[in-house]
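Coordinates in review
Listed here are the chains, written in short residue letters.
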Amino acid sequence: MKGELGEAEQVLHQALRLSHQSDNRKAIVYTYSMMANVAFMRGQLDNAEKLYKASMSYLLAGDTKEDDNAILEMSLKLASIYAAQKQHKLALAGYEFCILTLEEKIAKQKDLPEDVLPAEEKANTRLLLGMSLDSYARYLLNINQLPMAQKMYEKALQISNDVQGETHPQTVVLMNDLATVLDAQGHYDEAYSYVKRAAELAKETQHPEEHMVLNNLAAILMHKDFLQAKQVYKEALKQAQQKGDVASVQHIQEELAELAKRRKGSK
C-alpha cells in the first residue's frame, strides 16, 4: 500500500507540473486535492494541510462559493487533521463551520424543485453533513465529550437511515458507534438495543466489519451475560481470523482473557 501511494504521489507531481504549464485551473485544483488525499492517507498531515489549503484557494479565487460541497469536504478534512494533531480550537472551529454551513444550505435547498436542484445533489449534501457529524462525533468521543458525541452520532445515523436506508454499510457502522458511546455512559440497555440491531443487519448484509460489530456486542453483553458474551466473542474471533484482521484477533483474544478473569472473580 505504501509503495502504491508513493507511486501515486510521483505521478501527481508530474500532473501538477503539466497543469501549471498549460495554466489549466481545473486540472490544478483536481491535482492539488488528489495530492492532499494521498498525503493524508500516508499520515503526512502537515503536507496534506498545505495542499488542501492550496486547492481551496484556487477554487475560491474562481467562482466557487464558500458553501460549495467541494470546499466543505476539504474543510472537513482540515478539521480532522487538526483533531489528529490535537489542535483543539482549530478542530472545533472547523467542525462547527462545516456542520452549520451544511445545515443552512440544506434548509435553503429543501423546497427547491427538481428542475432547479436534482434530488441526487440534495442527497449528496445531506450525506456530507452526515459525514461531518460522524467525524465530529469520533473527535468528541476521543476527547471524552460523551453526551455531545452521542447527539452527533444520533443525527448522523438519522441522515444515513433516511438517505441510504437501514441496511447500508454506513448505517450499520453508525448504529454500532452510537452503541459504543451509549455504553461508555452507562446506558447499557439502549446500547444493547442498537448494537443488537447492528449485528443482525451486519449478518444479513454480509457486512465486511461484522466481526467488529460482534466484538462490540460481546463487550456490551459482558455487563449482564458472561456466557452469551463468550459465545459472541468466539464468533467474532473466528470471523476476524478468516478475514486476516490481526489487530482485531489480538484485541478479541485480550477481551476473552478479561472475560475469563471477570467470570472467575464473580464466582
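Use the structure listed above.
Before going into details, it helps to say that this report is about the structure given with it. (Residues numbered from 1 in each chain as written. Predicted model: local features only at pLDDT ≥ 70, side-chain atom pairs only at ≥ 80, totals over all residues. Heavy atoms only, no water.)

1. Description of the overall build of the protein chain
Quick note on the threshold: Only DSSP runs of H or I with at least four residues qualify as helices, and only runs of E with at least two residues qualify as strands; both kinds are numbered from the N terminus onward. Each residue gets one of three labels from its accessible area relative to the maximum for its type: buried under 20%, exposed over 50%, partly exposed in between, using a 1.4 Å probe on protein chains only. Between two residues, a contact is recorded if the distance between any of their heavy atoms is within 4.5 Å.
Along the protein chain, the regular secondary structure elements total 12 helices and zero strands. Taken across its 267 residues, the protein chain has 42% of its residues classed as buried. A separation threshold of at least 6 residues defines the contact pool for the protein chain, and within that pool the share at least 24 residues apart is 53%.

2. What about the environment of Arg 197?
We count it as follows: Each polar contact in these results corresponds to two N or O atoms within 3.5 Å; when the atoms are within protein, one needs to be able to donate a hydrogen and the other to accept it, and residues that are neighboring in sequence are counted only if both atoms are side-chain atoms.
Turning to its location among the elements, Arg 197 is positioned in helix 9 (residues 188-205). Sequence separation of Arg 197 and Leu 217 is 20 residues, and the distance between their C-alpha atoms is 9.8 Å. Apart from the residues lying within four places of it in its own chain, the contact partners of Arg 197 are Glu 166 and Met 175. Among the polar contacts made by the side chain of Arg 197, one reaches the side chain of Glu 200 at a distance of 3.2 Å.

3. Some thoughts on the packing of aromatic side chains
Our working definition: Any two of the Phe, Tyr and Trp rings considered here, Trp counted by its six-membered ring, make a pair once their centres fall within 6.5 Å; the pair's planes then place it as stacked at under 30 degrees, edge-to-face at over 60, or tilted in between. Whether a charge sits over a ring comes down to the Lys NZ or Arg CZ being within 6 Å of the ring centre and within 35 degrees of the ring normal.
Evaluated as defined, the whole model comprises two aromatic pairs. On the basis of an interplanar angle of 25° and a centroid distance of 5.1 Å, the ring pair of Tyr 95 and Tyr 136 is categorised as stacked. Of this pair, Tyr 95 sits in helix 5 (residues 88-109) while Tyr 136 is found in helix 6 (residues 119-142), placing the two residues 41 residues apart along the sequence. A single burial state applies to Tyr 95 and to Tyr 136, both of which are buried. An aromatic cluster is defined as three or more aromatic residues linked by ring pairs; in this entry it consists of Tyr 95, Tyr 136 and Tyr 139. In this arrangement the basic side chain of Lys 224 is found over the ring face of Tyr 192, its NZ or CZ atom lying 4.2 Å from the centre.

4. A look at the packing of helix 10 (residues 210-221) against helix 11 (residues 226-243)
Worth spelling out the cut-off: Here the axes come from fitting lines to C-alpha atoms, over the contacting stretch only for helices, and the angles between their N-to-C directions go from 0 to 180 degrees. With respect to orientation, any angle under 35 degrees is reported as roughly parallel, any angle over 145 as roughly antiparallel, any angle of 65 to 115 as roughly perpendicular, and every other angle as oblique. Left-handed is the label given to a crossing in which the near helix is rotated counterclockwise from the far helix by less than a right angle, and right-handed is the label when the rotation is clockwise. Amino acids are sorted into nonpolar (Ala, Val, Leu, Ile, Met, Phe, Trp, Tyr, Cys and Pro), charged (Asp, Glu, Lys and Arg) and polar (every other residue, Gly among them).
It is at 8 Å that the axes of helix 10 and helix 11 come closest, and there the two elements cross at 160°. The orientation of helix 10 relative to helix 11 falls into the category roughly antiparallel. Between helix 10 and helix 11 the crossing geometry is left-handed. Contact residues: Glu 210, His 211, Leu 214, Asn 215, Leu 217, Ala 218, Ala 219 and Leu 221 in helix 10; Gln 228, Ala 229, Val 232, Tyr 233, Glu 235, Ala 236, Gln 239, Ala 240 and Lys 243 in helix 11. Split into classes, the residues belonging to the contact of helix 10 with helix 11 amount to 10 nonpolar, four polar and three charged.

5. What to know about the packing of helix 4 (residues 69-84) against helix 5
Between helix 4 and helix 5, the shortest axis-to-axis distance is 7 Å and the interhelical angle comes to 155°. Between helix 4 and helix 5, the interaxial angle falls into the category roughly antiparallel. Note that helix 4 runs across helix 5; the crossing there is left-handed. Contact residues: Asn 69, Leu 72, Ser 75, Leu 76, Ala 79, Ser 80, Tyr 82 and Ala 83 in helix 4; Leu 90, Ala 91, Gly 94, Tyr 95, Phe 97, Cys 98, Thr 101, Leu 102 and Lys 105 in helix 5.

6. A look at helix 6
Keep this limit in mind: Expected span of a helix: the number of residues minus one, times 1.5 Å.
An ideal rise of 1.5 Å per residue puts 34 Å on 24 residues; helix 6 measures up with 35 Å between its terminal C-alpha atoms. Just past helix 6, the residue Asn 144 takes up positive phi, approximately 65°.

7. Structural notes on the pattern of salt bridges
Note the threshold: What counts as a salt bridge is simple: a side-chain nitrogen of Lys or Arg found within 4 Å of a carboxyl oxygen of Asp or Glu.
Using the criterion set out here, one finds nine salt bridges in the structure. When the shortest N-O distance is used, the salt bridge between Glu 166 and Arg 197 registers 2.9 Å. Pair noted here: Glu 166 is in the loop between helix 7 (146-164) and helix 8 (169-184) and Arg 197 is in helix 9, with a separation of 31 residues, a long-range link. Residue classification places Glu 166 among the partly exposed residues on the basis of a relative accessible area of 30%. Residue Lys 196 pairs with Glu 200 through a salt bridge whose shortest N-O separation is 3.0 Å.

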